[in-house]
Amino acid sequence: MRRGELILYLAVLAALFSTSFVGIATDYLWFSSLGYAQVFIKIWKTRLLLAFLVAMLFFAAAYINLIASRKFGAATPPRALYMAVSLLLSLFLAMGASRGWELFLWYLQATPFNIADPIFQKDISFYVFNLPFYEFLWNLAFLSLVFIAALTALIYLYGAGAVLRERIFGEIVALLPIQAKFHAGAIAGLFALLFATKFYLSRYRVLFTAKDTFFGAGYAEINVYLPVLSLLAVIAVVTAVLFFAVRWVGFKIPVAMTALAVIVAIGGSFLTGTVQHYQVAPDEFNYERPYIEHSIKFTRLAYNLDRIKEVEFPATQNLTIEDIKNNEETIRNIRLWDYRPLKRTLEQLQLIRTYYAFQDVDVDRYVLNGEYKQVMLAARELNTELLAEQSLTWINEHLVYTHGYGITMSLVNEVSSEGLPVFVVKDIPPRSPYINITRPEIYYGELTDTYVIVKTKTEEFDYPRGDENVYTTYEGDGGVVLDSGLKRLAYAMYFGSAKIFLSNSITQDSRIMYYRNIRERVSKLAPFLVYDSDPYLVVAEGRLYWIIDAYTVSSNFPYSEPTRGINYVRNAVKAVVDAYSGKVNFYIADESDAIIKTYAKAFPELFKPLEEMPPELRMHIRYPVDYFLIQANKYATYHMLDPRVFYNREDVWNIPDELYEGDRVKMEPYYLITKLPGEEKAEFILMLPFTPRNKNNLVAWLAARSDGEHYGERIVYIFPKDKLIYGPMQIEARIDQNPEISQYFTLWDQAGTRVIRGNLLIIPIRESLLYVEPVFLRAEQHDSLPELKRVIVAFGESIAMEETLDAAIEKVFGRAPEEAEEMVLPPTTGDREEIIRQLLHHYSAAREALRNEDLVGFGREFEAIGRLLEELEGR
């Protein structure tokens, strides 16, 4: 009999008492279907081993405690009752212990960081792997001892039960046999030993002290509080010995030592605060300087900031039209489409049916027709919640509507004459002159939250075609095969649906797919990783794949300032999920990370080197925004290496604000293809500018590289301090103050058209900065279509808004000499008359649209009038 079948038989029997056993069995089948059965087995072996050890140790301690109680003359309760209570408590502790399986594994497989802390000179691995496990063991031991003490008290109170009805508690204690006091002394001694251990371990936690000006232990903590903790540990050990010797020394001396420990603890805290307030605070910097240096150094190490390269950026104002032409690849990849209005536009143009949804719009790059192009891509997922209520039967939800279909991909910088995106991939089935998608089905995605069963007698809905639907049968190997009635029964119990067991549509070839949400899927396989908030879809080898960035994190890196509850992070893993088969691969992206080395030693079958990622997929890995933002926020303060400058916060940077739909919001990092200063070719980077604290001008910009061998490199370009470099809000203010641009905005608003100002992009070209902001128009109706109608370009003191990026650049920089030579002669009188005739035509059409309350039509005619007036003025 196969192992999976045996587990299922046992699980079905156990389900009479608990369905959780069925969950374990079905999880095993799920892990096995992905080729990761060994991961599941190792996790559960570790959990069961921990649970068994803790349960046995506690049960043994409880039994010894019972024997000791009898030896000391107590009238013990019935043995069966005592053992039953002990068993229940041991099971409770075992369940808690099993949750520490990760700490246990990391402790066993700990990999050194080869970095020592500055106080105890211990490798960082002690704090990341060992210390949390020791603290976990301490908590278990303390809880166990509390239970033992409670059982002991119940034993002796049971013996004094007869007296309990007649005397007060104090008299009961007095009547207990003298041996009981020896027993109590032994338990008190164990508590004292535990607290000695606690005080000793707390010495290391001092390095995680949060202070006002820096993070980590300072002068007072190191020179006062640390010795106090060491003294407390010694007092606790002496107290434990005295409690163990209570037969000879009595209770007064160990109780006095306990009181002394309390006094020392309170006095030590008071003394630490006093030294900090009266000795350190008046000359804080000089006292704290070495500890500030520790905080700067270790925070930079923990967030990987020490590898950011600093480069001076002159920010010259001598950019010419020739420079623009020489950086055509950068200009042709400026992202005019803001993902927010684009998502709404795609929903109107490319959803095709109401039950499809675009969860997100992602930015990536592809080689199209030999050109390196930046694109925006969205997955067309099926959302069964959007099906008509009468269609949402069990068969439709789980057997028929099983998958989404295809993608939409558009160029970031191109706009149709109607202000709409220019598609690289569109429609159903997907059509593209550049990209061939042979497997457009999306069984696994961001919206796939229900289980489905494929390869059944019921055909699956594939995609709509006109007024008809096309149906299909799954051809892959994803999911768990339902090749026995026992499996069907198990899944019927697990999902709470008898139809899985009873349905005639399900055959021995049918496969059940669950954990289809890609975030849930990777988290189930590797729960010890933290996953990025923005998975993105990639087309490779004709198939669709999700790439999810995963992070190793810790909150136990000494002297590192925390953010969002962690103080160490690495983008150590790239997880890849096949959207058709659901197969998952984890690739190690940062082999220098000690945490991922530890995970890989614990689960060698789970992780692969990045070199094994298929080349067509690897060219799409990108530096993740979440990781970049954490680092950028930290670097805004921790770029200051001088401890005095850091202490005084003399050079703190901020992430700037920008305007979006009239609201002031934090600027988001953005991807772009550009040629970095000193580089020969354009590349895909992620960038974000900085402003000084409480100021709006730019002070620097940070770039993270994503292409080829340069992946992961980060460079901060610092502007001269004696130059004013406009920041985003200053450019936004200049846009508002420009009379021509503001007049357009006012007229559009009066016409009932909503103006959406997209992301303000700061584009580095040579040693200068170009500012670009797209302008979208949308009618006030809820389902209206945002259209990209204008592009604003700013450079130096010049600013222009035109219908196209090229026109705006030309207005700011002028025409290239060779283009100027080709300019045609001014038009004849007949040309002017033709323009006037068109003006009258559009004016009449605009009035008619306004009478019919057609605001979109009015806006379109109004724009045509504007174009003709500009043409007339130019002639």
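Residues numbered from 1 in each chain as written. Predicted model: local features only at pLDDT ≥ 70, side-chain atom pairs only at ≥ 80, totals over all residues. Heavy atoms only, no water.

1. Digging into the overall build of the chain
The condition that has to hold: Each helix is a run of H or I in the DSSP string that is no shorter than four residues. Each strand is a run of E no shorter than two, and both are numbered from the N terminus. For each residue, the accessible area found with a 1.4 Å probe, counting protein chains only, is set against the maximum for its type, and the residue is called buried under 20%, exposed over 50%, and partly exposed in between. The contact criterion used is simple: two residues touch if any of their non-hydrogen atoms lie within 4.5 Å. Only the protein chains shown count as cover for residues, with accessible areas throughout obtained via the Shrake-Rupley method and a probe of 1.4 Å. We count Lys and Arg on the positive side and Asp and Glu on the negative side, and we leave His and both chain ends out. Charged groups are reduced to one reference atom each: NZ for lysine, CZ for arginine, CG for aspartic acid, CD for glutamic acid.
Along its length, the chain carries 30 helices and 31 strands. Overall size of the chain, expressed as C-alpha extent along the three principal axes, is 125 × 80 × 50 Å. With 875 residues in all, the chain has 55% of them scored as buried. Considering only residue pairs separated by 6 or more positions, the chain has 67% of its internal contacts joining residues 24 or more positions apart. Of the roughly 39200 Å² of accessible surface on the chain, 56% is carried by carbon and sulfur atoms. Of note, the chain has its 87 positive side-chain charges centred 11 Å away from the centre of its 105 negative side-chain charges.

2. Side note on the nonpolar core
We count it as follows: Among buried residues, the Ala, Val, Leu, Ile, Met, Phe, Trp, Tyr and Cys ones that are joined through side-chain atoms within 4.5 Å form a nonpolar core.
In terms of nonpolar packing, the biggest core is built from 239 residues, with Leu529, Phe586 and Phe607 touching the most fellow members. Considering every element that reaches this core, the biggest residue donor is helix α10 (residues 219-244), with nine residues. Beyond its immediate sequence surroundings of up to four residues, Leu529 is in contact with Ala550, Tyr551, Thr552, Val573, Phe586, Ile596, Tyr599 and Phe607. Formed by 23 residues, the second largest nonpolar core is a distinct cluster that contains Val54, Leu89, Trp138 and Ile155.

3. Brief notes about helix α23 (residues 625-638)
Applicable threshold: Given a helix with a known number of residues, its expected span is that number minus one, times 1.5 Å.
When the terminal C-alpha atoms of α23 are compared, their 19 Å separation across 14 residues agrees well with the 20 Å that a helix rising 1.5 Å per residue should span. Buried within α23 are the following residues: Tyr627, Phe628, Ile630, Gln631, Ala632, Lys634, Tyr635, Ala636, Thr637 and Tyr638.

4. Comments concerning the sheet that holds strand β12 (residues 480-481)
Let me state the cut-off plainly: Think of it this way: DSSP has to see at least two bridges between two strands before they count as a pair.
Strand order in the open sheet formed by three strands is β9-β13-β12, and the pairing between neighbours is antiparallel. The outermost strands of the open sheet, each flanked by one partner alone, are β9 (452-454) and β12.

5. Observations concerning the side chain of Asp427
Test applied: As used in this structure description, the phrase polar contact means that two N or O atoms lie within 3.5 Å; if the pair is within protein, one of them must be able to donate a hydrogen and the other to accept it, and residues adjacent in sequence are counted only when both atoms belong to side chains.
Its place among the elements puts Asp427 in the loop between β7 (421-425) and β8 (441-442). Given the relative accessible area of 18%, Asp427 is considered buried. Side chain to side chain, Asp427 and Arg431 meet in a polar contact 2.4 Å long. When neighbours within four sequence positions are excluded, Asp427 is seen to be in contact with Gln350 and Arg380.

6. Digging into a nonpolar patch on the surface
The condition is simple: Patch membership requires over 30% relative accessible area and the absence of a salt bridge. Like charges are linked within 9 Å, and nonpolar side chains (Val, Leu, Ile, Met, Phe, Trp, Tyr) within 5 Å. One side-chain nitrogen of Lys or Arg within 4 Å of one carboxyl oxygen of Asp or Glu is enough to make a salt bridge.
On the surface, Leu49, Phe52, Leu53, Met56 and Leu57 cluster together into a nonpolar patch covering about 500 Å² of accessible area. Tracing the sequence through the fold places Leu57 in helix α3 (residues 37-71). Given a relative accessible area of 62%, Leu57 falls into the exposed group.

7. So, the packing of aromatic side chains
Spelled out, the test is: Side-chain rings of Phe, Tyr and Trp, where Trp is taken by its six-membered ring, are said to pair if the distance between their centres is within 6.5 Å; with planes under 30 degrees apart they count as stacked, over 60 as edge-to-face, and otherwise as tilted. We call a charge positioned over a ring when the NZ of a Lys or the CZ of an Arg lies within 6 Å of the ring centre and within 35 degrees of the ring normal.
Applying the stated rule across the entire model yields 72 aromatic pairs. The interplanar angle of 85° and the centroid separation of 6.2 Å between the aromatic rings of Tyr623 and Phe628 together place this pair among those described as edge-to-face. A single burial state applies to Tyr623 and to Phe628, both of which are buried. Ring pairing ties together the aromatic residues Tyr28, Trp30, Phe31, Phe40, Trp44, Tyr451, Tyr491, Tyr494, Phe495, Tyr514 and Tyr515, which thus form one cluster. In this structure, Arg47 packs its charged tip against the face of Trp44, placed 4.6 Å from the ring centre. Its guanidinium or amino end placed over the ring of Phe126, Lys122 lies 4.7 Å from that ring's centre, counting from NZ or CZ.

8. So, the pairing of strand β11 (residues 468-472)
Two strands pair when backbone bridges link them, and strand β10 (residues 460-465) and β11 are joined in this way by five bridges, in the antiparallel orientation. Pairing of Arg465 across the sheet is with Glu468, part of β11. Counting the residues between successive antiparallel strands, the hairpin from β10 to β11 contains two residues, one of them, Gly466, with a positive phi of roughly 65°.

9. Here's the deal with the packing of α10 against helix α12 (residues 252-280)
Which entries qualify depends on this criterion: Under this scheme, a helix contributes an axis fitted over its contacting stretch, all axes are lines through C-alpha atoms, and angles between N-to-C directions fall in the 0 to 180 degree range. The scheme is simple: roughly parallel for angles under 35 degrees, roughly antiparallel for over 145, roughly perpendicular for 65 to 115, oblique for anything else. Residue classes follow a fixed rule: Ala, Val, Leu, Ile, Met, Phe, Trp, Tyr, Cys and Pro count as nonpolar, while Asp, Glu, Lys and Arg count as charged, and any other residue, Gly among them, counts as polar.
Direction vectors running N to C along α10 and α12 enclose 180°, while the axes themselves pass 9 Å from each other. Classified by the interaxial angle, the pair formed by α10 and α12 is roughly antiparallel. Taken together, the residues that form the contact of α10 with α12 break down as 22 nonpolar, seven polar and one charged.

10. Topic: helix α2 (residues 20-33)
For α2, with 14 residues, the first-to-last C-alpha span of 20 Å sits near the 20 Å given by 1.5 Å per residue. All buried positions along α2 are accounted for by Val22, Gly23, Ala25, Thr26, Asp27, Tyr28, Leu29, Trp30 and Phe31. Just beyond α2, the residue with positive phi is Gly35, at close to 85°.

11. Regarding empty space enclosed by the protein
To be explicit about the condition: Lining residues are those with an atom within 4 Å of a point, where the points come from a 1 Å grid over the protein atoms alone and group into cavities, where a 1.4 Å probe fits but cannot get out, or pockets, open sets with protein on both sides within 12 Å along at least five of seven lines. Grid points are joined across faces, edges and corners, and a volume is the space filled by probe spheres set on the points.
Going through the model one piece at a time under the given rule, you end up with four cavities of 30 Å³ or more. There is about 50 Å³ of room inside the largest cavity. Forming the walls of the largest cavity are Gln359, Asp360, Asp362, Leu377, Ala378, Ala379, Glu381, Glu446, Leu537 and Trp546. The element that contributes the greatest number of residues to the lining of the largest cavity is strand β4 (residues 371-382), accounting for four residues. Taken together, the residues of the lining of the largest cavity sort by class into five nonpolar, one polar and four charged.

12. Regarding the pattern of salt bridges
Enumeration over the complete set of coordinates arrives at 35 salt bridges. The residue Asp657 makes a salt bridge to Lys666 at a minimum N-O spacing of 3.6 Å. Residue classification places Asp657 among the buried positions, given a relative accessible area of 19%. One continuous salt-bridge network, built from bridges that share partners, spans Glu679, Glu683, Arg705 and Glu713.

13. Focus on the side chain of Glu802
Inspection of the secondary structure puts Glu802 in strand β31 (residues 798-802). The contact partners of Glu802, leaving out residues within four places of it in the chain, are Lys789, Arg790, Val791, Ala807, Ala808, Lys811 and Glu870.

14. A short note on the environment of Gln359
Among the secondary structure elements, Gln359 is positioned in the loop between β2 (356-358) and β3 (362-368). In the structure, Gln359 is positioned 16 residues away from Lys343 in sequence and 8.7 Å away in space, judged by C-alpha atoms. If we ignore the near neighbours within four places in the chain, the residues touching Gln359 are Lys343, Ala379, Glu381, Glu446 and Leu447.

15. Describing the packing of helix α25 (residues 728-737) against helix α26 (residues 739-750)
With their axes 5 Å apart at the nearest point, α25 and α26 run at an angle of 75° to one another. Judged by the inter-axis angle, α25 sits roughly perpendicular to α26. For the pair α25 and α26, the contacting residues are Ile735, Asp736 and Gln737 in the first and Pro739, Ile741, Ser742 and Phe745 in the second. Within the contact of α25 with α26, the residues separate by chemical class into four nonpolar, two polar and one charged.

16. Let's talk about the confidence of the model for the chain
Selection criterion: Summary of the metric used: pLDDT quantifies the predictor's per-residue confidence within the range 0 to 100.
Summarising the model, the chain shows a mean pLDDT of 90, and 90% of its residues fall at 70 or more. pLDDT under 50 marks residues 162-166. Its contacts with residues more than four places away, or in other chains, come to three contacts. Ignoring residues within four places in sequence, the model shows residues 819-828, a span with pLDDT below 50, making five contacts including any to other chains.

17. Description of the environment of Tyr514
With respect to the secondary-structure elements, Tyr514 resides in the loop between β13 (511-513) and α20 (518-525). Spatially, the C-alpha atoms of Tyr514 and Ile453 are 8.8 Å apart, while their sequence positions differ by 61 residues. Here the side chain of Tyr514 touches Thr26 through a polar contact of 2.8 Å, landing on its backbone oxygen.

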